[in-house]
Amino acid sequence: MSETLQTSFSNTEAKGRITLFRNYLDGGNGYYGRFNRNTVTMRTLIARIQARKAGTNELNVQEIAGFLKEEILAALRNGEAVNVMDLGTLFIATRGKYDGSSFVAAGGRPPLQVKFTPSGLTQGTVDNIRIEDVRLSDTAMRIQSVLDRYTGEENCIMTVGKEVSLKGELLKVGGTDSGVFLSPVDGNGNASQDRSTWLRCERLTRNGNGELSFYVPDSAVPEAGYRILVRSQFSRSKTGKSLSFVRTAESCVLTARNA
């Protein structure tokens, strides 16, 4: 089992975590990091534009975004690199080893791949993120993705009264003060600290470390934003004993919708 550390960070606009994995090739004295990301869909980005720019036509934005996508892919097919709105450059690179006549990649993969180099503008957006604390990995619990089984959409919406599936790490619910909850969010997308406002999701259909499924309660308010909170004392150690503390995993912001 990999030994890891989990580092939390936040600034005034964003929150997230970095998981540090022990690098045993370095004698176990160093770590390499992986950012635990929440993916934002195009639909969410358009909704944010509409919130900032009153009167924005969603269909027009979707159509223009679709045109840009088609032209970017066409340029790559033509062997061209693409500057994506000054955010960075998509370009074609080789992979594998040159055998004297061509590049050979492992597993029969194509010898060419697309890479992205962020611009200074893009890189600068994360330069001020500040690391706040470090936690041992055996307490690490995270939600990697949220799937609305009714619509098939990920990390965007959840349908009231329908099933939602979470994928992640150490999600199994167990012990005192545990469960799955929907927390209302404030204008900045932060989960409410007032537990009396949380909605408990009573109907769990799957309760595993890697996947947890439940039905969204009928009391969820349509068009309101929520974060899913998973709280548990469950320990998957061989002793089978509960942890002495409750750990929590938090999802991205999702919008409740009627079926």
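Asker: Looking at this structure, how should I read the overall build of the protein chain?
Answerer: Counting secondary structure elements, the protein chain contains three helices and 18 strands. Expressed as a percentage of the 259 residues in the protein chain, the buried residues total 33%. Counted over contacts in the protein chain with a minimum sequence separation of 6, partners at least 24 positions apart contribute 56%.

Asker: Before we go on, may I ask you to explain the pattern of salt bridges in this structure?
Answerer: Working definition: two side chains of opposite charge can pair if their charged atoms are close together. Under the counting rule described, the total for this entry stands at eight salt bridges. Note that E223 is salt-bridged to R257, the shortest N-O span being 3.4 Å. Highlighted residues: E223 in the loop between strand 16 (211-215) and strand 17 (225-232) and R257 in strand 18 (residues 247-257), separated in sequence by 34 residues. Taking the shortest distance from any N to any O, the salt bridge between R227 and E250 comes out at 3.5 Å.

Asker: Is there a simple way to explain the environment of T159 in this structure?
Answerer: You can see T159 is positioned in strand 11 (residues 157-159). For the pair formed by T159 and A256, sequence separation is 97 residues and the distance between their alpha carbons is 5.8 Å. Every residue in contact with T159, bar those within four places of it in the chain, is listed here: D148, Y150, T151, V216, R257, N258 and A259.

Asker: Before we go on, may I ask you to explain the sheet that holds strand 8 (residues 112-118) in this structure?
Answerer: Strand pairing in a sheet is mediated by backbone hydrogen bonds. Such pairs are either parallel or antiparallel. Pairing in this open sheet of three strands is antiparallel, and the strands run 4-5-8 from one edge to the other. Every other strand in the sheet has two partners, leaving strand 4 (82-83) and strand 8 as the edge strands with one partner each. Here strand 4 runs beside strand 5 (residues 88-94); their pairing, made up of two bridges, is antiparallel. Each residue of the ladder has a partner; that of N83, found in strand 5, is T89. On top of the sheet, helix 2 (residues 58-77) reaches strand 4, strand 5 and strand 8; it is set at about 35° to strand 5, its chief contact.

Conventions and cut-offs
- Residues numbered from 1 in each chain as written.
- Predicted model: local features only at pLDDT ≥ 70, side-chain atom pairs only at ≥ 80, totals over all residues.
- Heavy atoms only, no water.
- Helix = DSSP H or I, 4+ residues; strand = E, 2+ residues; numbered from the N terminus.
- Buried < 20%, exposed > 50% of the residue type's maximum accessible area, 1.4 Å probe, protein only.
- Contact = heavy atoms within 4.5 Å.
- Salt bridge = Lys/Arg side-chain N within 4 Å of Asp/Glu carboxyl O.
- Pairing = 2+ DSSP bridges.
- Axes fitted to C-alpha atoms, helices over the stretch in contact; angles between N-to-C directions.

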